[in-house]
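Reading the structure
As a plain string of letters, each chain reads:
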Amino acid sequence: MKINILHMIDGAKKAKGTTVIIDVFRAFSVEAYCFYMGAEKIIPVGDAKLAYRLKEKNPEYILSGERHGKILPDFDVGNSPTDIVKLDLKGKTVIHTTSAGTQGIVNAVGADEIIGGSLLCAKAIARYIKKTNKKEVSLVCMGLDALSETEEDNLCANYIKSLLCDEEIDIRSEIEKLKITSGAKFFDKTQKDVFPESDFHMCVEVDKFDFLVKLEKDIDGTCYMKRYDF
């Protein structure tokens, strides 16, 4: 198996084979919690204007998203797992747009298939890849606003790679380090309204879910993320 570790938008554009778009803080952690809370599907979009149009046509959909961490105007909810789990999402469709994660999805045009990557679903992702005998895997770390690398996304990529290669890394020790690196914002009281501390803890529950989040396509061509039990 060939494993590529790539970064940000340029990495998404170069991704081949089975592609895991990684956004631990917080896009694909949020999507995992959406499905945990019973959401039917998630429509990932890069352009916020498209998200608004979809909501206008489908007012029953839940509009979730952010730019630079902050909830977008008139959205139902931001990009916080703490807030997501407070909603009744059973059977609902969620429109999701973020600064990094969903940008990776829309730019991974050369991928054979796309999976949303998080620490929450890492073992399920690795199990799916191994059991389906994938020949090439691209792990794309989306980073902060898809502009700079972050420790949590790099850690997630390395952890998934370690599972695929039957190696071990001290994941718990590495998570502790996140508290003083890219995860420090969640412990900064001046940013608690945008980055609550509970989000950090919810995003680093390694292998919490026994499912993965995978991109599918409707017969009309609409792409959406779906819970995939494997």
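Anything mentioned here points back to the structure above.
Reference entry: report on the structure contained in this document. Since the structure is predicted, the reported quantities are computational estimates derived from the model, not experimental observations.

Some points on the layout of surface pockets
Empty space within the largest pocket amounts to approximately 260 Å³. What lines the largest pocket is a set of 14 residues, among which I105, A108, I114, L215 and C223 lie closest to the centre. Counting only elements with at least two residues in the lining of the largest pocket, the list comes to α5 (101-107), β7 (111-117) and β9 (211-217). Grouping the constituent residues of the lining of the largest pocket by class yields nine nonpolar, no polar and five charged. As a volume, the second largest pocket reaches approximately 220 Å³. Residue lining of the second largest pocket: 18 residues in total, with F25, L144, D145, K185 and F195 positioned closest to the centre. Of the residues that constitute the lining of the second largest pocket, the class distribution is four nonpolar, eight polar and six charged.

Description of the packing of aromatic side chains
One pass over the structure, following the stated rule, counts 11 aromatic pairs. Between F25 and F200, the aromatic rings sit 5.7 Å apart at their centres with planes inclined by 45 degrees, giving tilted as the arrangement. Of the two residues, F25 is situated in the loop between β2 (17-22) and α2 (27-36) and F200 in helix α9 (residues 197-203); the sequence distance between them amounts to 175 residues. Seen from their ring centres, Y36 and F209 are 5.1 Å apart, and the 35 degrees between their planes marks the pair as tilted. Note that Y36 is positioned in helix α2 and F209 in the loop between α9 and β9, a separation of 173 residues in sequence. With relative accessibility at 48%, the residue Y36 sits in the partly exposed group. Pairwise contacts between aromatic rings join F25, F186, F187, F195 and F200 into one cluster. One residue, K208, lies across the ring of Y36, its end atom 5.7 Å from the ring centre. Over the face of the ring belonging to Y228 we find K214, whose NZ or CZ atom lies 5.5 Å from the ring centre.

Looking at the packing of helix α6 (residues 122-131) against helix α7 (residues 151-164)
Where α6 contacts α7, the axes come no closer than 9 Å and their chain directions differ by 45 degrees. Classified by the angle their axes make, α6 and α7 are oblique. Here α6 runs over α7; the crossing is right-handed. Between α6, through A122, K123, I125, A126, I129 and K130, and α7, the contact on the second element is made entirely by Y159, I160, L163 and L164. The residue inventory of the contact of α6 with α7, partitioned by class, reads eight nonpolar, no polar and two charged.

Notes on the pattern of salt bridges
Enumeration over the complete set of coordinates arrives at 17 salt bridges. The salt bridge involving E113 is made with K214; its shortest N-O contact spans 3.3 Å. In this pair, E113 sits in strand β7 while K214 sits in strand β9, placing the two residues 101 residues apart along the sequence. Each member of the pair, E113 as well as K214, carries the same accessibility label: buried. Close ionic contact of D166 with K130 constitutes a salt bridge, the shortest N to O distance being 2.7 Å. Residue D166 is found in the loop between α7 and α8 (171-178), and its partner K130 is found in helix α6; the two are separated by 36 residues along the sequence. For K130, a relative accessible area of 33% puts it in the partly exposed group. One network of salt bridges, in which partners are shared, links E113, K134, K214 and E216.

What counts and how
- Residues numbered from 1 in each chain as written.
- Predicted model: local features only at pLDDT ≥ 70, side-chain atom pairs only at ≥ 80, totals over all residues.
- Heavy atoms only, no water.
- 1 Å grid on protein atoms, 1.4 Å probe; cavity = no way out; pocket = protein on both sides within 12 Å on 5 of 7 lines; lining within 4 Å.
- Points joined across faces, edges and corners; volume = space filled by probe spheres on them.
- Helix = DSSP H or I, 4+ residues; strand = E, 2+ residues; numbered from the N terminus.
- Nonpolar A, V, L, I, M, F, W, Y, C, P; charged D, E, K, R; others polar.
- Phe/Tyr/Trp six-rings, centres within 6.5 Å; stacked < 30°, edge-to-face > 60°.
- Buried < 20%, exposed > 50% of the residue type's maximum accessible area, 1.4 Å probe, protein only.
- Lys NZ or Arg CZ within 6 Å of the ring centre and 35° of its normal.
- Axes fitted to C-alpha atoms, helices over the stretch in contact; angles between N-to-C directions.
- Parallel < 35°, antiparallel > 145°, perpendicular 65-115°, else oblique.
- Left-handed = near helix turned anticlockwise from the far one by under 90°.
- Contact = heavy atoms within 4.5 Å.
- Salt bridge = Lys/Arg side-chain N within 4 Å of Asp/Glu carboxyl O.

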